[in-house]
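Observations on chain architecture
Spelled out from the first residue to the last, the chains are:
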Amino acid sequence: MATERTLSIIKPDATRRNLTGKINAKFEDAGLRIVAQKRIHLTKAQAGQFYAVHAERPFYDELCEFMASEPVVVQVLEGEGAIAKNREVMGATNPAEADAGTIRAEFAESVGENSVHGSDAPETAKEEIAFFFSGLELVG
Ligand code: DAT
Ligand code: MG
């Protein structure tokens with residue numbers, strides 16, 4: 001399997017509870033390397049642009065409000081099959097359905113406040129990385 005990069009976000013419910021280090025340990029233990037990382041505070045409009053694909057979903061407004069409520073940590077994870085591996089480490093969207101040991105099973109508070117975002121495919125990973133990071137911020 002090829003080396004890939006994926007976009008990860010540690011969401012406001014997790015930064016608020018000081019869980020960045022514990023979540024990063026899960027990524028590193030799974031063989032994912034954090035090759036770029038920064039803490040930012042999104043506006044609701046920026047959150048809306050990032051999650052534009054969900055604009056028609058009933059939870060969209062709540063999701064954007066939440067993502068802009070407090071700072072997030074955006075990061076690029078790299079490794080063999082990083083996109084799928086990260087989704088595995090994250091666990092299912094609904095923490096009640098997430099496998100034991102996954103980030104969402106251990107830390108997420110609800111379906112909406114579920115601690116982490118991870119890209120779901122190579123094309124979205126590319127777009128999402130470019131949304132937050134310039135080429136200069138990405139160490140080759
Ligand atoms: P994922 O984050 O696992 O890729 P998704 O892309 O389907 O899940 O949805 C994006 C985010 O939207 C998700 O992390 C939390 C929120 N969300 C999804 N389904 C929801 C629901 N039924 N109620 C409230 N928020 C929801
Ligand atoms: Mg998704």
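Here we summarise the structure given alongside this text. No experiment lies behind these values; they were computed from the predicted model shown.

Each value, and the rule that gives it
- Residue positions within a chain follow its written sequence, with the count starting from 1.
- The lettering of chains begins at A and the numbering of ligands begins at 1, in the order of writing.
- Restriction of local features to residues with pLDDT of at least 70 applies here, the model being predicted, together with a cutoff of 80 or more for giving and counting side-chain atom pairs; totals for whole chains, interfaces and linings are based on all residues.
- Note: side-chain values were computed over all heavy atoms of the structure, leaving out hydrogens and water.
- Between any two strands, pairing holds if DSSP finds at least two bridges.
- Helix numbering and strand numbering both begin at the N terminus, where a helix is a DSSP run of H or I of at least 4 residues and a strand a DSSP run of E of at least 2.
- Definition used for salt bridges: Asp or Glu carboxyl oxygen within 4 Å of a side-chain nitrogen of Lys or Arg.
- Partly exposed residues are those whose accessible area sits between 20% and 50% of the maximum for their type, while under 20% is buried and over 50% is exposed, using a 1.4 Å probe and protein chains only.

Description of the pairing of strand β1 (residues 3–10)
In the sheet, β1 pairs with strand β3 (residues 72–80) via eight bridges, with the strands oriented antiparallel. Across the sheet, T6 pairs through a bridge with L77, a residue of β3. Two strands pair when backbone bridges link them, and β1 and strand β4 (residues 116–118) are joined in this way by three bridges, in the antiparallel orientation. Its bridge partner being in β4, I10 is matched across the sheet by V116.

Some remarks on the pattern of salt bridges
Under the defined criterion, the tally for this structure stands at ten salt bridges. We note a salt bridge from K26 to E106, for which the minimum N-O separation is 2.7 Å. Linking K26 in helix α2 (residues 20–29) with E106 in helix α6 (residues 103–107), this pair joins segments that are 80 residues apart in sequence. Residue classification places E106 among the partly exposed residues on the basis of a relative accessible area of 44%. Residue K44 pairs with E65 through a salt bridge whose shortest N-O separation is 3.0 Å. Of the two residues, K44 is situated in helix α3 (residues 44–50) and E65 in helix α4 (residues 60–67); the sequence distance between them amounts to 21 residues. Residue classification places K44 among the partly exposed positions, given a relative accessible area of 34%. The network of salt bridges with shared partners includes D13, R16, R17, E70, E109 and E113.

Read these as geometric descriptors, not functional statements.
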